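Architecture and fold: a report
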Amino acid sequence: MNEDIKRKILQKIESYGTIIVSRHIRPDGDAIGSTKGLAKILRDTYPDKKIYVVNEDYSEQLSFLGGEDTVDDEIYDGALQIVIDTGTTDRISNRNYVKAKELIKIDHHIDDRPYGDISWVEDFRSSACEMIADFYDTFKDRLKMSTEAATYIYCGMVTDSVRFSDESVTSETLYLAGKLLEFGIDTQTLFANLYVTDVNSLKFKSYIYDNIKITPNGVAYIYMDDAAQKKFNLTLESASDVVDELNSIRGCLIWVAFIDNKAKQQIRVRLRSRFIGINELANRYHGGGHKMAAGATVYSEQEMQALVDDADKMLGEYKSTNGGWL
Ligand code: AMP
């Protein structure tokens, strides 16, 4: 698929001496895994090139994946910038990306606002890491994969596909993940880093379960206000993880976490769903994303309630015209 674009990307990579790789803000395992994974492949394959992973924010939770690079502005002169897993330019975690000579976009989000001199977007992919694994697989005679690079990429595939349970997972996803395992990934350590938790977080879970609200048609939601964040000593990022706790309530095909960002006077919204698409709903509230995993921003508790009401109405309509949901 898209063989010509991949070939063009490889040609560009081979023609540049300096390559900067960036991802989206508020990184997840896929954003970090895909950028660090590609960078490691390129460093090992082209030891004479200067390859940097440059971003403006970082993830405490994913710090086990290691750090990124800091570069001077001159590095961008005549350089190639590759941005991965980032649907729109406003979400690029590197404002300096504009200073590079050329820009390549590699992404698996819906391509609403295309950018880049070369753009390789496959929105059916379960993760951007799957695309990097595919890129490697296409050019495996030329590129070098290491255990480290395979671990980054596998990490993104596991996390973005929710441990290979997302509907976007295909036989090719599993084929590519299987190929990565051949490079000796320590999956036990990786999974422990990703999923082992401490007792305090269990207390936090108990708070969540006590505070989940469910609308008449089955939208599950929770509001992590400033007081709750303080009570459990949460960062915005760890408070945002709350969305995953709502994902398996029978009859709740839409679930939403609202996370108060007091400093910015806005409320981050994380929307998830099963069977029914919620990205258009996210679009209406200053956001976007995938069919069943999207994000938005609201600016008041009234707007929060309006989003919940809209979601409830959508779900009511869905349930009245569709059967077979759990
Ligand atoms: P999140 O809940 O932040 O994990 O986001 C789920 C998906 O929606 C991700 O693929 C994001 O790229 C996308 N997304 C989140 N927030 C926004 C936003 N404000 N605008 C557009 N897309 C978003």
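Before reading on, note that the structure itself is shown above.
Notes on the structure follow. Since the model is a prediction, treat every value here as computed from it, not as a measurement. (Residues numbered from 1 in each chain as written. Predicted model: local features only at pLDDT ≥ 70, side-chain atom pairs only at ≥ 80, totals over all residues. Heavy atoms only, no water.)

**Looking at the site of the ligand**
Looking at the ligand, there are 13 residues lining it, with Arg 91, His 109, Arg 268, Arg 270 and Arg 272 nearest. One of the side-chain N or O atoms of Arg 268 is found 2.7 Å from an oxygen atom in the ligand. Note that a nitrogen atom of the ligand is positioned 3.4 Å from one of the backbone N or O atoms of Gly 288. Here the ligand has 470 Å² of accessible area as a free molecule, and 82% of this is covered by the chains. (Near = heavy atom within 4 Å. Polar contact = N/O pair within 3.5 Å; in protein donor to acceptor, adjacent residues only side chain to side chain. Areas by Shrake-Rupley, 256 points an atom, 1.4 Å probe, with all protein chains shown as cover.)

**Remarks on unusual backbone geometry**
Phi is positive for Arg 26, close to 50 degrees, though the residue is something other than glycine. Tracing the backbone through its elements, the reader meets Arg 26 in the loop between β1 (18-22) and α2 (29-45). Phi at Val 162 takes a positive value of approximately 50 degrees, unusual for a residue other than glycine. (Helix = DSSP H or I, 4+ residues; strand = E, 2+ residues; numbered from the N terminus.)

**Details of the sheet that holds strand β4 (residues 102-107)**
Pairing within the open sheet is parallel, and its five strands lie in the order β2-β1-β3-β4-β5. Where the open sheet ends on each side, the last strands, each with one partner, are β2 (50-53) and β5 (118-121). The average undirected angle you get between the axes of adjacent strands in this sheet is 15 degrees. Relative to the sheet, helix α1 (residues 3-15) contacts β1, β3 (80-84), β4 and β5, its axis offset from that of β5 by approximately 135 degrees. Sheet strands touched by α2: β1, β2 and β3. Its angle to β2, the strand with the most contacts, is close to 170 degrees. (Pairing = 2+ DSSP bridges. Axes fitted to C-alpha atoms, helices over the stretch in contact; angles between N-to-C directions. Contact = heavy atoms within 4.5 Å.)

**Quick notes on the packing of helix α3 (residues 128-138) against helix α5 (residues 171-181)**
Between α3 and α5, the shortest axis-to-axis distance is 10 Å and the interhelical angle comes to 70 degrees. The angle between the axes of α3 and α5 places the two elements in the roughly perpendicular class. By crossing handedness, the relation of α3 to α5 is classed as left-handed. Only Glu 172, Thr 173, Tyr 175, Leu 176, Lys 179 and Leu 180 of α5 make contact with α3, whose side of the interface consists of Glu 130, Ala 133, Asp 134 and Asp 137. Split by residue class, the contact of α3 with α5 holds four nonpolar, one polar and five charged. (Parallel < 35°, antiparallel > 145°, perpendicular 65-115°, else oblique. Left-handed = near helix turned anticlockwise from the far one by under 90°. Nonpolar A, V, L, I, M, F, W, Y, C, P; charged D, E, K, R; others polar.)

**A short note on the sheet that holds strand β9 (residues 266-273)**
Whenever strands of a sheet pair, they do so through backbone hydrogen bonds, lying parallel or antiparallel. The sheet built from six strands is open, its strands ordered β6-β7-β8-β9-β11-β10 with mixed pairing. Both outer strands of the open sheet, β6 (213-214) and β10 (288-289), are each paired with one neighbouring strand and no more. The pairing of β10 with strand β11 (residues 293-298) spans two bridges and is classified as antiparallel. Bridged to Gly 289 within β11 is Ala 294. Strands β6 and β7 (219-224) of the sheet are contacted by helix α7 (residues 199-211), whose axis makes an angle of about 125 degrees with β7.

**Section: the nonpolar core**
Core analysis: the largest hydrophobic core is formed by 47 residues, its most contacted members being Ile 13, Ile 19, Ile 82, Ile 106, Phe 135, Ile 153 and Leu 180. Among the elements that make up this core, the one with the highest residue count is helix α4 (residues 147-160) (eight residues). Residue contacts for Ile 13: discarding those within four places in its chain leaves Ile 19, Leu 42, Tyr 46, Lys 49, Leu 80, Ile 82 and Phe 135. Val 219, Tyr 221, Leu 253 and Ala 296 belong to the second-largest nonpolar core, a separate cluster that totals 24 residues. (Core = buried A, V, L, I, M, F, W, Y, C linked by side-chain atoms within 4.5 Å. Buried < 20%, exposed > 50% of the residue type's maximum accessible area, 1.4 Å probe, protein only.)

**What about the packing of aromatic side chains?**
Counted according to the given criterion, the structure contains eight aromatic pairs. Their ring planes at 45 degrees and their centres at 6.1 Å tell us that Trp 120 and Phe 135 sit as a pair that is tilted. In this pair, Trp 120 sits in strand β5 while Phe 135 sits in helix α3, placing the two residues 15 residues apart along the sequence. Take Trp 120 and Phe 135: they sit in the same class, and that class is buried. Look at Tyr 136 and Phe 183: their rings are 6.0 Å apart centre to centre, the planes differ by 85 degrees, and that puts the pair in the edge-to-face class. Separated by 47 residues along the polypeptide, Tyr 136 in helix α3 and Phe 183 in the loop between α5 and α6 (187-195) bring together distant segments of the chain. For Tyr 136, a relative accessible area of 12% gives the class buried. According to the relative accessible area criterion, Phe 183 is partly exposed, its value standing at 26%. Feature note: the residues Trp 120, Phe 135 and Phe 139 constitute an aromatic cluster, connected by ring pairs. One residue, Lys 49, lies across the ring of Tyr 46, its end atom 5.1 Å from the ring centre. (Phe/Tyr/Trp six-rings, centres within 6.5 Å; stacked < 30°, edge-to-face > 60°. Lys NZ or Arg CZ within 6 Å of the ring centre and 35° of its normal.)

Limitation: the analysis is restricted to geometry and does not speak to function.
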